[in-house]
Amino acid sequence: MNKTSRIKMSDVARLSGVSVSTVSRALSDSSLIPEQLKQKIREIAEENGYVVNAAARNLRLQTTKTIGLVLPLGHEENQKITDPFLLEMIGCLADEVFNKGYDLLLSKNPHPKEGWLKRLIASQRFDGLLVIGQSDQHDALNQIATSYAPMVVWGENMKGQHYCTVGVDNFIGGQLATEHLLSRGRSKILFLGPPNVPEAESRYNGYSSAMKKAGKKPMRIDSHFGFNDAREAVQNLIKSKQKFDAIFCASDVIAQGAMSVLTEDNIAIPDKVAVCGYDDVSIAKSLNPPLTTIHQDLSLGAKFMVDLLFQRLNGDQTSSAIMPARLITRQST
């Protein structure tokens, strides 16, 4: 073939001595075509510079070969994708999606307006949807799930929800963290985290349950998930002269912010104040001192999410998955 001309599928068929439909099936890796013939057709196509028109193929097959990944941040409009938890979660999900032969379309929605999810799905830019966190969008997710099946959400398993979730048992995680701090002789334990976020609320409920069981008063300090927000919350806490000897943080990033302020104010960790985080992202073990935290297996969680999504794409009904929480003890407690 003339390498300057654009080769067509019919040209590959002629050179291979087969029909156009056979070439199409071979390049789509159809099991109907013998492996030896598929290999021959692929080699001829490659030698002559033939490239499959993916857009046309997908249109014909009524698929985008793309999975949507959305971050609804109604509660955290300033949260960056560079947040360590989000980075690790997105990375794990991307690997799982790519292993399925699909591309990933990332969408961040810091100001979700009514109908945003319906409009996103109606754009038909993806075959299925992964969602990281419910944020304050539980009602929107619940409503769309009644008519849109291929969606899986990383988050808290909530009573009466219609959508499929994958997540760690956050209530037990909150209990484990608090019981650990109590076992270290701490009695004035604060909870530091955002209000009205399902996962954080469940972590607080686990903390509160453990505190009440031990005859201690729960104390909650509001903080967004950001490093600077946590710093400001702890700075204000210290200025208020409130007594505390431990902080259970709703995320490792919050813990990092809290620890930075304690260190600057010469409040020894853990001698004066013990700190426990949540997530066990990569920064946890490199903080000074290394951070005690609740481990969330993001790699396993991502695998569950993608596997469940593809089951739903195939028309299967799936249940939600709840993974166990695990305490990782390090020097911050």
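None of these values were measured; they are calculated from a predicted model.

Draft legend 1. Representation of the overall build of the chain within the structure. For the chain, the helix and strand inventory stands at 12 helices and 12 strands. For 333 residues, the compact-globule estimate of 2.2 N^0.38 gives 20 Å, and the C-alpha radius of gyration of the chain, at 25 Å, exceeds that figure by more than 25%. Taking the principal axes of its C-alpha atoms as reference, the chain extends roughly 85 × 40 × 30 Å. Taking all 333 residues of the chain together, 51% fall into the buried category. Here the analysis covers contacts within the chain between residues at least 6 apart in sequence; of these, 69% occur between residues at least 24 apart. In the structure as shown, the chain presents an accessible area of about 16300 Å², 49% of it carried by carbon and sulfur atoms. Seen as two clouds, the 38 positive and the 35 negative side-chain charges of the chain have centres 1 Å apart.

Draft legend 2. Layout of unusual backbone geometry. Of note, the bond from Ile269 into Pro270 is cis; its omega dihedral lies within 30 degrees of zero at 5°. Secondary-structure assignment places Pro270 in the loop between helix H11 (252–264) and strand E9 (274–279). Non-glycine residue Gln124 carries a positive phi angle of around 55°. Structurally, Gln124 can be placed in the loop between helix H6 (116–122) and strand E3 (128–132).

Draft legend 3. Up close: the pattern of salt bridges. Overall, the coordinates contain 10 salt bridges when judged by the stated rule. The partner of Glu201 in a salt bridge is Arg220, with the nearest N and O atoms 2.8 Å apart. Taken together, the residues span a long stretch of sequence, with Glu201 in helix H9 (residues 198–213) and Arg220 in strand E7 (residues 219–222) at a distance of 19 residues. A network of salt bridges, in which partner residues are shared, links Glu35, Lys38 and Arg42.

Draft legend 4. Structural context of the state of the cysteines. For the coordinates displayed, the defined rule picks out zero disulfides. Cys164 takes part in no disulfide bond, and the closest cysteine sulfur, belonging to Cys92, lies 18 Å away. Looking at the unpaired Cys276, the closest cysteine sulfur is the one in Cys249, lying at 7.9 Å.

Draft legend 5. Inspection of the side chain of Thr22 at higher detail. Here Thr22 is to be found in helix H2 (residues 20–27). For Thr22, a relative accessible area of 15% corresponds to the buried category. With near-sequence residues (within four places) excluded, Thr22 lies in contact with Ile33, Leu37 and Ile41.

Draft legend 6. Fine view of the nonpolar core. In terms of nonpolar packing, the biggest core is built from 70 residues, with Met89, Leu93, Leu130, Ile132, Trp154, Leu192 and Val275 touching the most fellow members. In this structure, Ile132 is in contact with Leu69, Val70, Leu71, Pro72, Phe85, Leu86, Met89, Ile90, Leu93 and Trp154, ignoring residues within four places of it in sequence. With 15 residues, the next largest nonpolar core counts Ile121, Leu141, Ala145 and Val153 among its residues.

Draft legend 7. Just the pairing of E9, in detail. Most of E9 is tucked away: six of the six residues are buried. As paired strands, strand E8 (residues 246–249) and E9 are joined by three bridges and run parallel to one another. Across the sheet, residue Ala246 finds its bridge partner in E9, namely Ala274. Each parallel crossover has a hand, and for E8 linked through H11 to E9 it is right-handed. Examined bridge by bridge, E9 and strand E10 (residues 292–295) share four bridges and lie parallel to one another.

Draft legend 8. View of the packing of H2 against helix H3 (residues 35–47). Where H2 meets H3, the closest approach of the two axes is 9 Å, and the angle between their N-to-C directions is 95°. If you check the angle between H2 and H3, you find them roughly perpendicular. In this structure, H2 contributes Thr22, Val23, Ala26 and Leu27 to the contact, and H3 contributes Leu37, Lys38, Ile41, Arg42 and Ala45. Considered class by class, the residues forming the contact of H2 with H3 number six nonpolar, one polar and two charged.

Draft legend 9. Representation of the packing of aromatic side chains. The tally for this structure, following the rule as stated, stands at seven aromatic pairs. Ring geometry for Phe191 and Phe248: centres 5.5 Å apart, planes at 70°, overall edge-to-face. Of this pair, Phe191 sits in strand E6 (residues 189–193) while Phe248 sits in strand E8, and the two are 57 residues apart along the sequence. Across the pair, Phe248 and Phe191 agree in class, each one buried. Among the aromatic side chains, those forming a connected cluster through ring pairs are Phe191, Tyr204, Tyr207, Phe248 and Tyr278. The ring of Tyr278 carries Arg203 above its face, with NZ or CZ at 3.8 Å from the centroid. Lying across the ring of Tyr204, Arg220 places its NZ or CZ 4.4 Å from the centre.

Draft legend 10. Representation of the environment of Thr263. By the element assignment, Thr263 lies in helix H11. Classification of Thr263 by relative accessible area gives partly exposed; the value is 46%. Polar side-chain contacts of Thr263 include one of 2.9 Å to the backbone oxygen of Met259.

Draft legend 11. Seen up close, the environment of Leu104. Secondary-structure assignment places Leu104 in strand E2 (residues 103–109). Judged by its relative accessible area of 23%, Leu104 falls in the partly exposed class. Separated by 22 residues in the primary sequence, Leu104 and Phe126 place their C-alpha atoms 8.5 Å from one another. Setting aside residues up to four positions removed in sequence, Leu104 forms contacts with Thr66, Ile67, Leu69, Ala94, Val97 and Phe98.

Quick notes on the rules
Residues numbered from 1 in each chain as written. Predicted model: local features only at pLDDT ≥ 70, side-chain atom pairs only at ≥ 80, totals over all residues. Heavy atoms only, no water. Helix = DSSP H or I, 4+ residues; strand = E, 2+ residues; numbered from the N terminus. Rg over C-alpha atoms; globule rule 2.2 N^0.38 Å. Buried < 20%, exposed > 50% of the residue type's maximum accessible area, 1.4 Å probe, protein only. Contact = heavy atoms within 4.5 Å. Areas by Shrake-Rupley, 256 points an atom, 1.4 Å probe, with all protein chains shown as cover. Lys, Arg positive; Asp, Glu negative; His and termini not counted. Charge placed at Lys NZ, Arg CZ, Asp CG, Glu CD. Salt bridge = Lys/Arg side-chain N within 4 Å of Asp/Glu carboxyl O. Disulfide = S-S within 2.5 Å. Core = buried A, V, L, I, M, F, W, Y, C linked by side-chain atoms within 4.5 Å. Pairing = 2+ DSSP bridges. Right-handed = clockwise from strand over helix to strand, strands pointing away. Axes fitted to C-alpha atoms, helices over the stretch in contact; angles between N-to-C directions. Parallel < 35°, antiparallel > 145°, perpendicular 65-115°, else oblique. Nonpolar A, V, L, I, M, F, W, Y, C, P; charged D, E, K, R; others polar. Phe/Tyr/Trp six-rings, centres within 6.5 Å; stacked < 30°, edge-to-face > 60°. Lys NZ or Arg CZ within 6 Å of the ring centre and 35° of its normal. Polar contact = N/O pair within 3.5 Å; in protein donor to acceptor, adjacent residues only side chain to side chain.

Honestly, it's all geometry; don't read function into it.
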